[in-house]
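Take a look at the letters that make up each chain.
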Amino acid sequence: KSREAADPAADSSPKLAAAKHRDGAASKKKLCVKAAKEHSIPEDLNKVLENKVMETVLDLFHVKLSVVEMTCSGDADSEGIVSKSVSSHSDLIPGVYEGGLKIWECTFDLMDYFSEAEIEFTNKTVLDLGCGAGLLGIAALRGEAARVHFQDYNSTVIDEITLPNVVANCTSEGRRMGNGKDRKASKPSAKRPRKAEGSPDVLKRCRFFSGEWSQVSQLLLNSNKPCSKYDVILTSETIYNPDYYSALHDTLAQLLDRNGRVYLASKVHYFGVGGGVYLFEKFLEERNVFRTRMVKTIDQGLQRCIMEIAFK
(Lines give C-alpha, C1' and ligand atoms only; values in the text may rest on other atoms or scores of the structure.)
Protein backbone atom coordinates (compact mmCIF):
# COMPACT_ATOMS: atom_id res chain seq x y z
CA LYS A 1 0.00 0.00 0.00
CA SER A 2 3.02 2.26 0.37
CA ARG A 3 6.69 2.36 -0.48
CA GLU A 4 7.36 -0.02 2.41
CA ALA A 5 4.96 -2.50 0.83
CA ALA A 6 6.54 -2.37 -2.62
CA ASP A 7 7.34 -5.62 -4.38
CA PRO A 8 11.14 -6.19 -4.41
CA ALA A 9 10.74 -7.45 -7.97
CA ALA A 10 10.02 -3.89 -9.06
CA ASP A 11 13.75 -3.21 -9.00
CA SER A 12 14.63 -6.36 -10.97
CA SER A 13 14.60 -7.04 -14.68
CA PRO A 14 11.14 -7.02 -16.35
CA LYS A 15 11.32 -10.76 -17.10
CA LEU A 16 12.28 -11.62 -13.52
CA ALA A 17 9.61 -9.30 -12.18
CA ALA A 18 6.97 -10.89 -14.40
CA ALA A 19 8.01 -14.40 -13.34
CA LYS A 20 7.91 -13.44 -9.68
CA HIS A 21 4.52 -11.82 -10.18
CA ARG A 22 3.13 -14.99 -11.78
CA ASP A 23 4.52 -17.14 -8.96
CA GLY A 24 3.18 -14.71 -6.38
CA ALA A 25 -0.23 -14.58 -8.03
CA ALA A 26 -0.45 -18.38 -8.01
CA SER A 27 0.44 -18.56 -4.33
CA LYS A 28 -1.96 -15.72 -3.50
CA LYS A 29 -4.88 -17.56 -5.06
CA LYS A 30 -4.17 -20.46 -2.70
CA LEU A 31 -3.62 -18.25 0.33
CA CYS A 32 -6.41 -15.73 -0.06
CA VAL A 33 -9.41 -17.90 0.75
CA LYS A 34 -9.27 -17.10 4.46
CA ALA A 35 -12.39 -18.44 6.16
CA ALA A 36 -14.88 -15.92 7.51
CA LYS A 37 -15.52 -15.58 11.20
CA GLU A 38 -17.79 -13.41 13.30
CA HIS A 39 -16.17 -11.99 16.43
CA SER A 40 -18.35 -11.68 19.50
CA ILE A 41 -18.20 -8.65 21.76
CA PRO A 42 -17.06 -9.83 25.21
CA GLU A 43 -19.40 -9.12 28.12
CA ASP A 44 -16.47 -7.78 30.12
CA LEU A 45 -15.40 -4.80 28.06
CA ASN A 46 -12.43 -4.20 30.35
CA LYS A 47 -10.87 -7.34 28.85
CA VAL A 48 -11.02 -5.70 25.41
CA LEU A 49 -9.04 -2.69 26.65
CA GLU A 50 -6.64 -4.68 28.81
CA ASN A 51 -2.99 -3.78 28.09
CA LYS A 52 -4.09 -1.30 25.43
CA VAL A 53 -2.60 2.19 25.31
CA MET A 54 -4.72 4.67 23.38
CA GLU A 55 -3.86 7.71 21.31
CA THR A 56 -6.25 10.24 19.80
CA VAL A 57 -6.67 11.51 16.27
CA LEU A 58 -9.60 13.50 14.86
CA ASP A 59 -11.10 13.36 18.36
CA LEU A 60 -11.22 9.56 18.26
CA PHE A 61 -9.34 7.03 20.36
CA HIS A 62 -7.20 4.42 18.61
CA VAL A 63 -4.85 1.73 19.86
CA LYS A 64 -1.15 2.59 19.93
CA LEU A 65 0.40 0.17 17.42
CA SER A 66 3.85 -0.03 19.01
CA VAL A 67 2.28 -1.42 22.19
CA VAL A 68 0.31 -3.99 20.18
CA GLU A 69 3.57 -5.04 18.53
CA MET A 70 5.08 -5.64 21.97
CA THR A 71 2.09 -7.45 23.50
CA CYS A 72 1.20 -9.57 20.46
CA SER A 73 4.53 -11.23 19.81
CA GLY A 74 4.62 -15.02 19.84
CA ASP A 75 1.55 -17.02 20.85
CA ALA A 76 -0.58 -13.96 21.65
CA ASP A 77 -1.18 -13.52 17.90
CA SER A 78 -2.63 -16.75 16.50
CA GLU A 79 -2.07 -15.59 12.90
CA GLY A 80 1.49 -14.45 13.57
CA ILE A 81 0.95 -11.33 11.47
CA VAL A 82 2.41 -8.88 13.99
CA SER A 83 5.78 -10.62 14.23
CA LYS A 84 5.83 -11.32 10.46
CA SER A 85 5.13 -7.68 9.64
CA VAL A 86 7.79 -6.45 12.07
CA SER A 87 10.45 -8.97 11.02
CA SER A 88 9.91 -8.43 7.30
CA HIS A 89 9.63 -4.64 7.66
CA SER A 90 6.58 -4.87 5.43
CA ASP A 91 3.10 -3.39 5.67
CA LEU A 92 1.76 -5.99 3.24
CA ILE A 93 2.25 -9.75 2.96
CA PRO A 94 -0.26 -10.82 0.28
CA GLY A 95 -2.61 -13.53 1.46
CA VAL A 96 -1.16 -13.39 4.99
CA TYR A 97 -1.36 -9.81 6.26
CA GLU A 98 -3.22 -7.09 4.37
CA GLY A 99 -2.14 -3.92 6.16
CA GLY A 100 -4.87 -3.58 8.79
CA LEU A 101 -2.55 -2.81 11.70
CA LYS A 102 -1.79 0.67 10.38
CA ILE A 103 -4.04 3.66 9.76
CA TRP A 104 -3.51 4.74 6.14
CA GLU A 105 -3.74 8.35 5.01
CA CYS A 106 -6.76 7.87 2.72
CA THR A 107 -8.81 7.04 5.82
CA PHE A 108 -8.42 10.66 6.92
CA ASP A 109 -9.24 11.89 3.39
CA LEU A 110 -12.53 10.03 3.54
CA MET A 111 -13.35 11.24 7.06
CA ASP A 112 -12.74 14.82 5.96
CA TYR A 113 -15.01 14.21 2.98
CA PHE A 114 -17.84 13.02 5.27
CA SER A 115 -17.75 16.43 6.92
CA GLU A 116 -17.28 18.49 3.74
CA ALA A 117 -20.03 16.71 1.78
CA GLU A 118 -22.28 16.32 4.86
CA ILE A 119 -22.67 12.60 4.26
CA GLU A 120 -25.73 11.41 6.16
CA PHE A 121 -25.44 8.24 8.28
CA THR A 122 -28.58 8.65 10.43
CA ASN A 123 -30.53 5.37 10.55
CA LYS A 124 -28.36 3.87 7.78
CA THR A 125 -26.85 0.39 7.71
CA VAL A 126 -23.11 0.74 7.13
CA LEU A 127 -20.26 -1.65 6.30
CA ASP A 128 -16.65 -0.63 6.99
CA LEU A 129 -14.94 -2.95 4.49
CA GLY A 130 -11.25 -3.64 5.07
CA CYS A 131 -11.74 -1.65 8.26
CA GLY A 132 -8.34 -1.89 9.95
CA ALA A 133 -8.60 0.56 12.86
CA GLY A 134 -12.31 0.98 12.14
CA LEU A 135 -12.25 4.78 12.20
CA LEU A 136 -14.64 5.05 9.23
CA GLY A 137 -17.21 2.84 10.91
CA ILE A 138 -16.77 4.70 14.20
CA ALA A 139 -17.44 7.97 12.33
CA ALA A 140 -20.66 6.39 11.01
CA LEU A 141 -21.61 5.35 14.55
CA ARG A 142 -21.24 8.85 15.85
CA GLY A 143 -23.30 9.97 12.85
CA GLU A 144 -26.16 7.90 14.35
CA ALA A 145 -26.02 4.96 11.93
CA ALA A 146 -28.56 2.26 12.79
CA ARG A 147 -26.04 -0.56 12.34
CA VAL A 148 -22.34 -0.66 11.55
CA HIS A 149 -20.48 -3.82 10.60
CA PHE A 150 -16.69 -3.99 10.54
CA GLN A 151 -14.68 -6.38 8.32
CA ASP A 152 -10.95 -6.96 8.05
CA TYR A 153 -8.97 -9.75 6.40
CA ASN A 154 -7.12 -10.59 9.63
CA SER A 155 -8.79 -11.79 12.82
CA THR A 156 -5.87 -10.37 14.84
CA VAL A 157 -6.69 -6.89 13.51
CA ILE A 158 -10.33 -7.21 14.60
CA ASP A 159 -9.44 -8.51 18.08
CA GLU A 160 -6.45 -6.30 18.85
CA ILE A 161 -7.22 -3.10 16.92
CA THR A 162 -10.79 -2.67 15.65
CA LEU A 163 -12.82 -3.97 18.59
CA PRO A 164 -10.74 -2.09 21.21
CA ASN A 165 -11.06 1.12 19.17
CA VAL A 166 -14.84 0.80 18.94
CA VAL A 167 -15.13 -0.02 22.65
CA ALA A 168 -12.84 2.87 23.64
CA ASN A 169 -14.91 5.32 21.62
CA CYS A 170 -18.30 4.01 22.74
CA THR A 171 -17.93 3.42 26.49
CA SER A 172 -18.44 6.05 29.15
CA GLU A 173 -14.70 6.28 29.82
CA GLY A 174 -13.98 6.81 26.15
CA ARG A 175 -17.08 8.80 25.31
CA ARG A 176 -15.90 10.92 22.40
CA MET A 177 -18.91 10.35 20.14
CA GLY A 178 -19.61 14.01 19.41
CA ASN A 179 -20.71 15.31 16.05
CA GLY A 180 -17.16 15.35 14.69
CA LYS A 181 -17.19 18.97 13.53
CA ASP A 182 -13.68 19.52 14.84
CA ARG A 183 -11.63 17.92 12.07
CA LYS A 184 -8.17 18.92 13.33
CA ALA A 185 -5.99 16.00 14.31
CA SER A 186 -5.29 16.21 18.00
CA LYS A 187 -1.79 15.76 19.29
CA PRO A 188 -1.42 12.03 20.03
CA SER A 189 -1.35 11.46 23.77
CA ALA A 190 -0.86 8.07 25.34
CA LYS A 191 -3.89 7.23 27.45
CA ARG A 192 -5.06 4.00 29.00
CA PRO A 193 -8.84 4.00 29.53
CA ARG A 194 -9.27 3.14 33.21
CA LYS A 195 -12.55 1.36 32.94
CA ALA A 196 -15.11 0.52 30.27
CA GLU A 197 -18.38 0.76 32.15
CA GLY A 198 -21.32 -1.28 30.90
CA SER A 199 -22.24 -2.22 27.36
CA PRO A 200 -23.73 0.92 25.83
CA ASP A 201 -26.47 0.70 23.24
CA VAL A 202 -24.06 1.85 20.55
CA LEU A 203 -22.12 -1.43 20.80
CA LYS A 204 -25.32 -3.38 20.25
CA ARG A 205 -25.45 -1.82 16.79
CA CYS A 206 -22.09 -3.34 15.83
CA ARG A 207 -20.92 -6.66 14.40
CA PHE A 208 -17.34 -7.67 13.61
CA PHE A 209 -16.08 -10.05 10.92
CA SER A 210 -12.72 -11.31 9.68
CA GLY A 211 -11.84 -13.26 6.57
CA GLU A 212 -11.57 -12.91 2.82
CA TRP A 213 -14.28 -10.79 1.18
CA SER A 214 -16.13 -13.56 -0.69
CA GLN A 215 -16.17 -15.71 2.45
CA VAL A 216 -17.54 -12.87 4.60
CA SER A 217 -20.21 -12.17 1.97
CA GLN A 218 -21.37 -15.78 2.12
CA LEU A 219 -21.36 -15.75 5.91
CA LEU A 220 -23.54 -12.64 5.97
CA LEU A 221 -25.93 -13.80 3.26
CA ASN A 222 -26.34 -17.28 4.78
CA SER A 223 -26.43 -16.15 8.41
CA ASN A 224 -29.28 -17.09 10.75
CA LYS A 225 -29.28 -13.47 11.85
CA PRO A 226 -31.13 -11.43 9.22
CA CYS A 227 -28.71 -9.15 7.39
CA SER A 228 -30.22 -6.45 5.23
CA LYS A 229 -28.17 -4.99 2.40
CA TYR A 230 -26.01 -1.99 3.29
CA ASP A 231 -27.08 1.58 2.58
CA VAL A 232 -23.45 2.72 2.73
CA ILE A 233 -20.21 0.78 2.24
CA LEU A 234 -17.01 2.58 3.28
CA THR A 235 -13.62 1.35 2.15
CA SER A 236 -10.16 2.91 2.15
CA GLU A 237 -6.91 1.75 0.51
CA THR A 238 -8.35 -1.62 -0.52
CA ILE A 239 -7.65 -1.50 -4.28
CA TYR A 240 -3.86 -1.69 -4.16
CA ASN A 241 -3.76 -5.22 -5.63
CA PRO A 242 -5.54 -5.88 -8.98
CA ASP A 243 -5.71 -9.60 -8.12
CA TYR A 244 -8.40 -8.74 -5.55
CA TYR A 245 -10.60 -6.61 -7.82
CA SER A 246 -12.97 -9.40 -8.82
CA ALA A 247 -13.65 -10.41 -5.21
CA LEU A 248 -14.16 -6.78 -4.18
CA HIS A 249 -16.51 -6.12 -7.10
CA ASP A 250 -18.62 -9.19 -6.33
CA THR A 251 -18.75 -8.33 -2.63
CA LEU A 252 -20.03 -4.84 -3.37
CA ALA A 253 -22.56 -6.22 -5.85
CA GLN A 254 -23.87 -8.77 -3.33
CA LEU A 255 -23.98 -6.60 -0.21
CA LEU A 256 -24.87 -3.08 -1.39
CA ASP A 257 -28.52 -2.05 -1.31
CA ARG A 258 -29.98 -1.25 -4.72
CA ASN A 259 -30.11 2.45 -3.79
CA GLY A 260 -26.93 2.36 -1.71
CA ARG A 261 -23.59 4.12 -2.13
CA VAL A 262 -19.98 3.03 -1.82
CA TYR A 263 -17.39 5.62 -0.80
CA LEU A 264 -13.91 4.43 -1.73
CA ALA A 265 -10.70 6.30 -0.91
CA SER A 266 -7.50 5.37 -2.71
CA LYS A 267 -4.15 6.52 -3.94
CA VAL A 268 -4.12 7.09 -7.69
CA HIS A 269 -1.39 4.45 -8.04
CA TYR A 270 0.24 1.96 -5.68
CA PHE A 271 3.86 1.71 -6.75
CA GLY A 272 5.26 -1.81 -6.62
CA VAL A 273 1.85 -3.43 -6.12
CA GLY A 274 0.23 -2.26 -9.33
CA GLY A 275 -3.27 -1.19 -8.36
CA GLY A 276 -4.85 2.23 -8.29
CA VAL A 277 -8.03 4.21 -8.65
CA TYR A 278 -8.12 4.51 -12.44
CA LEU A 279 -7.32 0.84 -12.95
CA PHE A 280 -10.19 -0.10 -10.62
CA GLU A 281 -12.49 2.38 -12.34
CA LYS A 282 -11.73 0.72 -15.68
CA PHE A 283 -12.38 -2.70 -14.12
CA LEU A 284 -15.81 -1.53 -12.95
CA GLU A 285 -16.62 -0.08 -16.35
CA GLU A 286 -15.87 -3.42 -18.01
CA ARG A 287 -18.15 -5.28 -15.57
CA ASN A 288 -20.95 -2.78 -16.36
CA VAL A 289 -22.73 -3.21 -13.01
CA PHE A 290 -21.79 0.04 -11.28
CA ARG A 291 -21.46 3.67 -12.23
CA THR A 292 -18.66 5.71 -10.68
CA ARG A 293 -18.01 9.34 -9.92
CA MET A 294 -14.83 10.99 -8.68
CA VAL A 295 -16.03 13.28 -5.91
CA LYS A 296 -12.68 14.55 -4.61
CA THR A 297 -9.02 14.63 -5.63
CA ILE A 298 -6.22 15.36 -3.15
CA ASP A 299 -2.95 16.55 -4.67
CA GLN A 300 -0.78 16.88 -1.56
CA GLY A 301 1.93 14.21 -1.55
CA LEU A 302 0.95 11.13 -3.54
CA GLN A 303 -2.21 11.98 -5.48
CA ARG A 304 -5.32 10.46 -3.91
CA CYS A 305 -8.98 10.26 -4.86
CA ILE A 306 -12.39 9.56 -3.39
CA MET A 307 -14.78 7.65 -5.64
CA GLU A 308 -18.52 7.27 -5.22
CA ILE A 309 -19.91 3.98 -6.58
CA ALA A 310 -23.58 3.11 -7.14
CA PHE A 311 -25.58 0.61 -9.17
CA LYS A 312 -26.41 1.62 -12.74
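How each quantity is defined
- Residues numbered from 1 in each chain as written.
- Predicted model: local features only at pLDDT ≥ 70, side-chain atom pairs only at ≥ 80, totals over all residues.
- Heavy atoms only, no water.
- Axes fitted to C-alpha atoms, helices over the stretch in contact; angles between N-to-C directions.
- Helix = DSSP H or I, 4+ residues; strand = E, 2+ residues; numbered from the N terminus.
- Parallel < 35°, antiparallel > 145°, perpendicular 65-115°, else oblique.
- Left-handed = near helix turned anticlockwise from the far one by under 90°.
- Contact = heavy atoms within 4.5 Å.
- Buried < 20%, exposed > 50% of the residue type's maximum accessible area, 1.4 Å probe, protein only.
- Core = buried A, V, L, I, M, F, W, Y, C linked by side-chain atoms within 4.5 Å.
- Salt bridge = Lys/Arg side-chain N within 4 Å of Asp/Glu carboxyl O.

Caption draft 1: Quick peek at the packing of helix 5 (residues 105-116) against helix 6 (residues 135-142). In contact at an axis separation of 10 Å, helix 5 and helix 6 are set at 20° when each is read in the N-to-C sense. Taken together, helix 5 and helix 6 sit at an angle that is classed as roughly parallel. The two elements helix 5 and helix 6 meet at a crossing, and its hand is right-handed. Listed contacts from helix 6 to Thr107, Phe108, Leu110, Met111 and Phe114 of helix 5 are Leu135, Leu136 and Ala139.

Caption draft 2: Looking closely at the environment of Ser66. On the secondary structure map, Ser66 appears in helix 3 (residues 65-71). The partly exposed category is assigned to Ser66, whose relative accessible area is 34%. A sequence separation of 13 residues divides Ser66 from Val53, and the C-alpha atoms of the two residues are 9.3 Å apart.

Caption draft 3: Spotlight on the nonpolar core. Core analysis: the biggest nonpolar cluster contains 51 residues, and Phe114, Phe121, Phe150 and Val166 have the highest contact counts within it. Element by element, the count of residues in this core is highest for helix 7 (residues 155-170), at eight residues. Residues within four places of Phe121 in sequence aside, it is in contact with Phe114, Val126, Ala139, Ala140, Gly143, Glu144, Ala145, Ala146, Val232 and Leu234. By size, the runner-up hydrophobic cluster in this structure holds 31 residues, among which are Val216, Tyr270, Leu284 and Met307.

Caption draft 4: Summary view of the pattern of salt bridges. Under the counting rule described, the total for this entry stands at 13 salt bridges. Taking the shortest distance from any N to any O, the salt bridge between Glu55 and Lys64 comes out at 3.0 Å. Taking relative accessible area as the criterion, Glu55 reaches 15% and is therefore assigned buried. Residue classification places Lys64 among the partly exposed positions, given a relative accessible area of 25%. A salt bridge links Glu308 to Arg261, with the nearest nitrogen and oxygen atoms 3.9 Å apart.

None of this, on its own, says anything about what the molecule does.
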